[in-house]
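Summary of structural features
The primary structure of each chain is shown beneath.
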Amino acid sequence: MKKYNVAVVGATGNVGREILKILEQREFPIHQLHLLASERSAGSTIAFNKRDLVVKDLATFDFTGVHIGLFSPGASVSSRYAPIAAQAGCVVVDNTSFFRMDPDVPLVVPEVNPQAIAGYKKKGIIANPNCSTIQMVVVLKPIHDAAVIKRVVVATYQAVSGAGKEAMDELFEQTRSMFTPGQSVPPKKFAKEIAFNVLPHIDQFLDNGYTKEEMKMVNETKKILDPAIQVAPTAVRVPVFNSHSEVLTIETEKKLSAADARKLLAQAPGIIVMDDPAALVYATPRDASGQDATFVSRIREDVSCHHGLQMWVVSDNLRKGAALNAVQIAEVLIHQYL
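A short tour of the structure in this document, coming up. (Residues numbered from 1 in each chain as written. Predicted model: local features only at pLDDT ≥ 70, side-chain atom pairs only at ≥ 80, totals over all residues. Heavy atoms only, no water.)

Describing the overall build of the protein
From N to C terminus, the protein includes eight helices and 13 strands. For a compact globule of 338 residues, the expected C-alpha radius of gyration is about 20 Å, and the protein comes in at 20 Å, within 12% of that figure. For the protein, the spread of C-alpha atoms along the principal axes amounts to about 60 × 60 × 40 Å. The buried share of the protein, reckoned over its 338 residues, is 52%. Of the roughly 15,400 Å² that the protein leaves accessible, carbon and sulfur atoms contribute 52%. (Helix = DSSP H or I, 4+ residues; strand = E, 2+ residues; numbered from the N terminus. Rg over C-alpha atoms; globule rule 2.2 N^0.38 Å. Buried < 20%, exposed > 50% of the residue type's maximum accessible area, 1.4 Å probe, protein only. Areas by Shrake-Rupley, 256 points an atom, 1.4 Å probe, with all protein chains shown as cover.)

Examining the sheet that holds strand E6 (residues 91–94)
Across a sheet, paired strands are connected by hydrogen bonds in the backbone, their directions being either parallel or antiparallel. Here we have seven strands laid out as an open sheet, ordered E3-E4-E2-E1-E5-E6-E7, and mixed in their pairing. Sheet topology places strand E3 (45–48) and strand E7 (125–127) at the edges, where each strand pairs with a single neighbour. In this sheet, adjacent strand axes meet at a mean angle of 25° when their direction is disregarded. Pairing of E3 with strand E4 (residues 51–57) involves four bridges; the strand directions are antiparallel. Each bridged residue has a counterpart across the sheet, and for Phe-48 the counterpart in E4 is Arg-51. Relative to E3, helix H1 (residues 14–25) is tilted by about 25°, and along the sheet it contacts strand E1 (4–9), strand E2 (30–37), E3 and strand E5 (68–71). The sheet strands contacting helix H8 (residues 319–336) are E1, E5, E6 and E7, and the helix crosses E5 at an angle near 165°. (Pairing = 2+ DSSP bridges. Axes fitted to C-alpha atoms, helices over the stretch in contact; angles between N-to-C directions. Contact = heavy atoms within 4.5 Å.)

What to know about the pairing of E6
By the alternation rule, side chains of E6 split into Val-91 and Val-93 and Val-92 and Asp-94, which are all buried. Each parallel crossover has a hand, and the one from E5 via helix H2 (residues 75–87) to E6 is right-handed. Summarising the sheet, E6 and E7 pair through three bridges and their orientation is parallel. Pairing of Val-92 across the sheet is with Ile-125, part of E7. (Right-handed = clockwise from strand over helix to strand, strands pointing away.)

Here we look at the sheet that holds strand E11 (residues 271–273)
In space, the six strands of this open sheet follow the order E9-E8-E10-E13-E12-E11, with mixed pairing throughout. With partners counted over all chains shown, the strands left at the sheet margins are strand E9 (230–237) and E11, one partner each. Taking each pair of neighbouring strands and ignoring which way they run, the sheet shows an average axis angle of 20°. Looking at chain direction, strand E8 (residues 149–158) and strand E10 (residues 244–252) are connected through eight bridges and run antiparallel. Bridging from a neighbouring strand, Tyr-157 pairs with Ser-245 of E10. The strands touched by helix H5 (residues 212–224) within the sheet are E8, E9 and E10, with E9 carrying the most contacts at an inclination of about 145°. Relative to the sheet, helix H6 (residues 258–267) contacts E11, strand E12 (294–301) and strand E13 (308–315), its axis offset from that of E12 by approximately 165°.

Details of the packing of aromatic side chains
Taken as a whole and judged by the stated rule, the model has six aromatic pairs. Geometrically, the ring pair formed by Tyr-120 and Tyr-337 is edge-to-face, given 5.9 Å between the ring centres and 80° between the ring planes. You can see Tyr-120 sitting in the loop between E6 and E7 and its partner Tyr-337 sitting in the segment after H8, a full 217 residues away along the chain. Judged by relative accessible area, Tyr-120 falls into the buried class, the value being 9%. Joined through ring pairs, the aromatic side chains of Phe-61, Phe-63 and Phe-71 make up one cluster. (Phe/Tyr/Trp six-rings, centres within 6.5 Å; stacked < 30°, edge-to-face > 60°.)

Digging into H1
With twelve residues, H1 extends 17 Å from end C-alpha to end C-alpha; this agrees with the ideal 16 Å at 1.5 Å per step. Taken together, the buried positions of H1 are Val-15, Gly-16, Glu-18, Ile-19, Leu-20, Ile-22 and Leu-23. The elements touched by buried residues of H1 are E1, E2, E3, E5 and H8. (Expected span 1.5 Å × (residues − 1).)

Brief notes about the packing of helix H3 (residues 131–147) against H8
The N-to-C vectors of H3 and H8 enclose an angle of 85°; their axes lie 8 Å apart at closest approach. By the criterion of interaxial angle, the relationship of H3 to H8 is roughly perpendicular. Facing Cys-131, Ile-134 and Val-138 of H3, the residues of H8 in contact are Lys-320, Gly-321, Ala-322 and Asn-325. (Parallel < 35°, antiparallel > 145°, perpendicular 65-115°, else oblique.)

Right, here's the structure in full:
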């Protein structure tokens, strides 16, 4: 089997480390692996396949000879270095928000629109969607194919890992301080305390009253799946360490029963149906953490709409919502394009 030179950019972050774990687990055919981060992290080591690899400084790295770059360093860094890598002949799979709505950059979820990967040749870059969008469109795809989705109302329950390690630390420290008299940990990563709380606020508020996180779900769903689908989102941060949950209310052109939807979803790639209310079987963030699949539970017909369905969707936001999706794109690249 042919092997490839791979660079992981942002290798020391939550998503970068998850990418490395998945490359190792899926035995991605790697010839040379380059771990890249900021100058501050350069010189540190990360274990991969029982070897300690030294992290290199992204600012001085030459991408010549690298086949695939898996980027998750933050939008401003990707905006600068992804085009440099692409110009050197490296195909970039970018996890940040910077290139997602660029018309010349494909936005890809392999279970949904793998054919879009072919468009990478325009700029040498493929964008990974937002984590909350990924798990939603994986579920919407088989329903849209069968019954044509008109509208989706979605409420998210997003884990703090989506805001990075500092956010996870903040939840931990605030939770601990609740049980320690005289201690308090003021919010830094969030506008208000996240421990034992729920914040209807992810990213910046926009002039239309929605947040940037919510509008990402609107715009990305249209680009990935169908520009005619209407999406009304509310994104909420909850005091859970990992894995995002969503409630989807879906209106379709054709009537689709809950039983038929359950059957369709059970056969769809990347989905596990975990749905038996009588036996109290339903997915939670604890069930999804560390798993590749997107879990679907509580599939039912919408009592307020004749052509409607409702369901509960849970997925590991660091894994399928970021790292795994990027590696799956890379796997399609090596099997079909490189």
